[in-house]
Amino acid sequence: MEILLTILFFSIAGAVCLQLYVKAHLVDENTTEINHADEWAQNLAETYYGCRADTENIEAVYHDSCIGGSNDIVIAFDADWKQIPASDTSSSAVYAVCLDTLEPTACSFSAQMDNAEVRVCKLGTPVKNLSANSPQVLSQLDKNSRDIYSLSLKYYDNTRK
């Protein structure tokens, strides 16, 4: 009887330890995801301010990996958060960082406030061949993606009307 109770005790303790290990692993993955998302959102925000909210200059900085529409800049990443060049046909995009430029607001007679939003998302399904499937990435950013991190950007420019 003592041996059965000992086996029961150790099996319960083992099950609890296994659950704790799985939860710790999930927390670690989530923390890593948030850290990378924060880093890339900050990078894109600093580029936005450094380029004075000019999307053409921002695209020039990230020229290898930029995909997107007229007001969007999207940078795709694989599962290990390595940038995927837009011309890469073998890697699958799992994450995407998107800079959406919004309508500027007039602030005074000779100034305007440029607005943008940076979103870091995990795509619903991985996407291969980014140059051919960029509309698919953009549609997944709206539908099936899970937002990890976002920033609102405002750039005050008193040199433009």
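What counts and what doesn't
Residues numbered from 1 in each chain as written. Predicted model: local features only at pLDDT ≥ 70, side-chain atom pairs only at ≥ 80, totals over all residues. Heavy atoms only, no water. Helix = DSSP H or I, 4+ residues; strand = E, 2+ residues; numbered from the N terminus. Buried < 20%, exposed > 50% of the residue type's maximum accessible area, 1.4 Å probe, protein only. Contact = heavy atoms within 4.5 Å. Areas by Shrake-Rupley, 256 points an atom, 1.4 Å probe, with all protein chains shown as cover. Salt bridge = Lys/Arg side-chain N within 4 Å of Asp/Glu carboxyl O. Polar contact = N/O pair within 3.5 Å; in protein donor to acceptor, adjacent residues only side chain to side chain. Core = buried A, V, L, I, M, F, W, Y, C linked by side-chain atoms within 4.5 Å. Phe/Tyr/Trp six-rings, centres within 6.5 Å; stacked < 30°, edge-to-face > 60°. pLDDT = per-residue confidence, 0-100.

### Section: the overall build of the chain
Link 1 in the chain: What the chain contains, in helices and strands, is 3 helices and 5 strands.
Link 2 in the chain: Along the chain, helices (α) and strands (β) appear in the sequence α-α-β-β-β-β-α-β when read from the amino end.
Link 3 in the chain: Scored against the burial criterion, the 161 residues of the chain give a buried share of 35%.
Link 4 in the chain: Excluding contacts between residues fewer than 6 apart, the proportion of contacts in the chain whose partners are at least 24 apart in sequence is 57%.
Link 5 in the chain: Surface exposure of the chain reaches about 9,800 Å², of which carbon and sulfur atoms provide 55%.

### What about the pattern of salt bridges?
Link 1 in the chain: By the definition in use, this model includes 3 salt bridges.
Link 2 in the chain: With its nearest N and O atoms 3.8 Å apart, the salt bridge here joins Lys122 to Glu33. With a gap of 89 residues between them, Lys122 in strand S4 (residues 111–128) and Glu33 in helix H1 (residues 2–50) connect regions that are remote in the sequence.
Link 3 in the chain: A relative accessible area of 7% means that Glu33 is categorised as buried.
Link 4 in the chain: With a closest N to O distance of 3.3 Å, Asp147 and Arg119 form a salt bridge. Note that Asp147 is positioned in strand S5 (residues 146–157) and Arg119 in strand S4, a separation of 28 residues in sequence.

### Examining the side chain of Arg119
Link 1 in the chain: Residue Arg119 is classed as buried on the basis of its relative accessible area of 12%.
Link 2 in the chain: One polar contact links Arg119 to Asp147, side chain to side chain, over a distance of 3.3 Å.

### Overview of the nonpolar core
Link 1 in the chain: In terms of nonpolar packing, the biggest core is built from 25 residues, with Leu44, Tyr48, Ile58, Trp81 and Leu99 touching the most fellow members.
Link 2 in the chain: Those elements giving two or more residues to this core turn out to be H1, strand S2 (72–77), strand S3 (92–108), S4 and S5.
Link 3 in the chain: Ranked by residues supplied to this core, first place goes to H1 with 6 residues.
Link 4 in the chain: Residues Ala93, Ala96, Cys98 and Val127 belong to the second largest nonpolar core, which totals 12 residues.

### Brief notes about the packing of aromatic side chains
Link 1 in the chain: This model, assessed by the stated rule, comprises 7 aromatic pairs.
Link 2 in the chain: Arranged with centres 5.4 Å apart and planes meeting at 70 degrees, the rings of Phe9 and Phe10 form a pair that is edge-to-face. As far as burial versus exposure is concerned, Phe9 and Phe10 are alike and both exposed.
Link 3 in the chain: Geometrically, the ring pair formed by Tyr48 and Tyr49 is edge-to-face, given 5.6 Å between the ring centres and 70 degrees between the ring planes.

### Thoughts on unusual backbone geometry
Link 1 in the chain: The phi dihedral of Arg52 falls on the positive side, at around 55 degrees, and the residue is not glycine.
Link 2 in the chain: With respect to the helices, strands and loops of the structure, Arg52 is situated in the loop between H1 and helix H2 (55–61).
Link 3 in the chain: The class of Arg52 is exposed, set by a relative accessible area of 57%.
Link 4 in the chain: Of note, the phi angle at Ala53 is positive, near 65 degrees, even though the residue is not glycine.
Link 5 in the chain: Position of Ala53 relative to the elements: it lies in the loop between H1 and H2.

### Quick word on the environment of Pro104
Link 1 in the chain: Tracing the backbone through its elements, the reader meets Pro104 in strand S3.
Link 2 in the chain: Linking Pro104 and Tyr155, residues 51 residues apart in sequence, is a C-alpha distance of 9.2 Å.
Link 3 in the chain: For Pro104, the residues in contact, after removing those within four places along its chain, are Gln112, Met113, Asp114 and Asn115.

### Description of the confidence of the model for the chain
Link 1 in the chain: Put simply, the chain has an average pLDDT of 84, and 86% of its residues get 70 or more.
Link 2 in the chain: Between the elements of the chain, mean pLDDT differs from a low of 68, seen in helix H3 (residues 130–142), to a high of 94, seen in H1.

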